[in-house]
Amino acid sequence: SEAMVAAITGFSSESWPIRNSSLLLYSALVRRSLGQQSSKMEVPVSGISGSEFFARHAHLHPFLLCTLNESTATLDSSHPRLFPTLILLSKLLPSESSFPTDPFLMDSFVVPIRQCSTHGSYMIRAVAARAIVPVLQSSHVVAYLGDLIRSLPTCPTEVDNCAKPRRMNAIHGSLLQVRELLTYYLFRSPQDDVKRDLICNVMPLLGEYMWLATAKN
């Protein structure tokens, strides 16, 4: 865990050799800690869960959480440690269960990752959408998706009356998170109860926002 902290911290260095060495170290540590994974932009289907990962590397939980909070304090520019932090979280698997006394609660990452949905960088929004899947407890997925969907505009005038481009980034980031969560829990997750709740309580909400996928947007 100390090596991972050093690697991610090195991304903030003003020295190019240090940044380059940090990237090489970070890549090697991710492969070693999580195993060889596909480079595709998708949530992994095999690997290690967040709870198991942080049980092995306890020091990384507060470090990554602190890094996320610092990085999202201002979203006007990209913090150099934000992307590697999100990449690492996105490569974890959702934990099957969590308890309030668990010192490594994955839910603590939800708020700063959701804030990344408004980021000006497409890549930050995309990787944040993948990272939300493993950090969000399955029992909270339906409520979270409902909140995301209801935050979307129901007609073009709601967009025109809001500040751009920040508002458009937020819409795009929210849609990315909706897609990643629905894709995982409808097609990859073994939890049938969550799938039923999504079909019954979330899918009907999407009809009002389908105009976002038309020429009106």
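For the structure, check the block above.
Computed from a predicted structure; not experimentally measured.

1. A few points about the packing of helix H8 (residues 141-150) against helix H11 (residues 192-202)
Each packed pair of helices is defined by two parameters, the angle between the axes and the distance between the axes.
And step 1. At their nearest, the axes of H8 and H11 sit 10 Å apart, and the two run at 30° to each other. Classed by the angle they form, the pair H8 and H11 counts as roughly parallel. Taken as a pair, H8 and H11 cross one another with a handedness that is right-handed. Across the interface between the two elements, Val 141, Val 142, Leu 145 and Ile 149 from H8 touch Asp 197, Leu 198, Asn 201 and Val 202 from H11.

2. Looking at the side chain of Ser 138
And step 1. Mapped onto the elements, Ser 138 comes out in the loop between helix H7 (122-135) and H8.
And step 2. Sequence-distant contacts of Ser 138, defined by excluding residues within four places in its chain, comprise Tyr 185, Gln 191 and Val 194.

3. Re the pattern of salt bridges
And step 1. For the structure shown, the criterion picks out 4 salt bridges.
And step 2. Between Arg 56 and Glu 52 there is a salt bridge, and its shortest N-O distance comes to 2.6 Å. On the criterion of helical spacing, the pair formed by Arg 56 and Glu 52 is a turn pair, its members being 4 residues apart in helix H3 (residues 50-56).
And step 3. Ionic pairing is found between Arg 179 and Glu 180, a salt bridge with its closest N-O pair at 3.5 Å.
And step 4. On the basis of relative accessibility, which here comes to 48%, the residue Arg 179 falls in the partly exposed class.
And step 5. A relative accessible area of 7% places Glu 180 in the buried class.

4. Digging into a nonpolar patch on the surface
And step 1. Together, Phe 83, Tyr 122 and Met 123 make up a nonpolar patch on the protein surface, roughly 280 Å² of accessible area in all.
And step 2. Tracing the backbone shows Met 123 in helix H7.
And step 3. Met 123 sits in the partly exposed class, given a relative accessible area of 37%.

5. Focus on the nonpolar core
And step 1. Judged by nonpolar contacts, the single largest core of 56 residues is most densely connected at Leu 86, Phe 109 and Ile 113.
And step 2. Beyond its immediate stretch of four places on either side in the chain, Phe 109 contacts Phe 54, His 61, Leu 64, Leu 65, Leu 68, Leu 89 and Val 135.

6. Focus: the packing of aromatic side chains
And step 1. Inspection of every chain in the model, using the stated rule, returns 4 aromatic pairs.
And step 2. Where Phe 54 meets Phe 109, the ring centres are 5.8 Å apart and the plane angle is 20°; that geometry is what we call stacked. Here Phe 54, found in helix H3, pairs with Phe 109, found in the loop between helix H5 (82-90) and helix H6 (110-115); they are 55 residues apart in sequence, far enough to count as distant.
And step 3. Note on Phe 54: relative accessible area 0%, which makes it buried.
And step 4. The class of Phe 109 is buried, set by a relative accessible area of 0%.
And step 5. Aromatic rings pair up to connect Phe 53, Phe 54 and Phe 109 into one cluster.
And step 6. The ring of Tyr 144 has Arg 114 sitting right over it, with the charged end atom 5.4 Å from the ring centre.

7. Section: the environment of Glu 70
And step 1. Relative to the elements of secondary structure, Glu 70 occurs in helix H4 (residues 60-71).
And step 2. Residue Glu 70 is classed as partly exposed on the basis of its relative accessible area, which comes to 41%.

8. Some remarks on helix H2 (residues 16-34)
Each turn of an α-helix holds 3.6 residues, which means side chains three or four residues apart point in the same direction.
And step 1. Taking 1.5 Å per residue as the helical rise, H2 with its 19 residues ought to reach 27 Å, and the 27 Å between its terminal C-alpha atoms agrees with that figure.
And step 2. Those residues of H2 that fall on the buried side of the exposure criterion are Ser 22, Tyr 26, Leu 29, Val 30 and Leu 34. Down the axis of H2, the buried side of the element spans an arc of 100°, and every buried residue falls inside it. Across H2 from its buried face, at more than 90 degrees, point the exposed residues Leu 24 and Arg 32.

9. Focus on the side chain of Ser 174
And step 1. Looking at the secondary structure, you find Ser 174 in helix H10 (residues 166-187).
And step 2. Ser 174 gets classed as buried once you look at its relative accessible area, which sits at 7%.
And step 3. If we skip the residues at most four places from it in the chain, Ser 174 touches Ser 117, Leu 148, Ser 151 and Leu 152.

10. Side note on the packing of H2 against H5
And step 1. Relative orientation of the contacting elements H2 and H5 amounts to 15°, with a least axis distance of 11 Å. By the angle between their directions, the pair H2 and H5 is classed as roughly parallel. At the point where H2 passes H5, the crossing takes the right-handed sense. Contacts from Tyr 26, Val 30 and Leu 34 in H2 reach Pro 84, Ile 87 and Leu 88 in H5.
And step 2. Of the residues that constitute the contact of H2 with H5, the class distribution is 6 nonpolar, no polar and no charged.

Calculation criteria
- Residues numbered from 1 in each chain as written.
- Predicted model: local features only at pLDDT ≥ 70, side-chain atom pairs only at ≥ 80, totals over all residues.
- Heavy atoms only, no water.
- Axes fitted to C-alpha atoms, helices over the stretch in contact; angles between N-to-C directions.
- Helix = DSSP H or I, 4+ residues; strand = E, 2+ residues; numbered from the N terminus.
- Parallel < 35°, antiparallel > 145°, perpendicular 65-115°, else oblique.
- Left-handed = near helix turned anticlockwise from the far one by under 90°.
- Contact = heavy atoms within 4.5 Å.
- Salt bridge = Lys/Arg side-chain N within 4 Å of Asp/Glu carboxyl O.
- Buried < 20%, exposed > 50% of the residue type's maximum accessible area, 1.4 Å probe, protein only.
- Patch = residues over 30% accessible without salt bridge, like charges linked within 9 Å, V, L, I, M, F, W, Y side chains within 5 Å.
- Areas by Shrake-Rupley, 256 points an atom, 1.4 Å probe, with all protein chains shown as cover.
- Core = buried A, V, L, I, M, F, W, Y, C linked by side-chain atoms within 4.5 Å.
- Phe/Tyr/Trp six-rings, centres within 6.5 Å; stacked < 30°, edge-to-face > 60°.
- Lys NZ or Arg CZ within 6 Å of the ring centre and 35° of its normal.
- Expected span 1.5 Å × (residues − 1).
- Arc of directions from axis to C-beta.
- Nonpolar A, V, L, I, M, F, W, Y, C, P; charged D, E, K, R; others polar.

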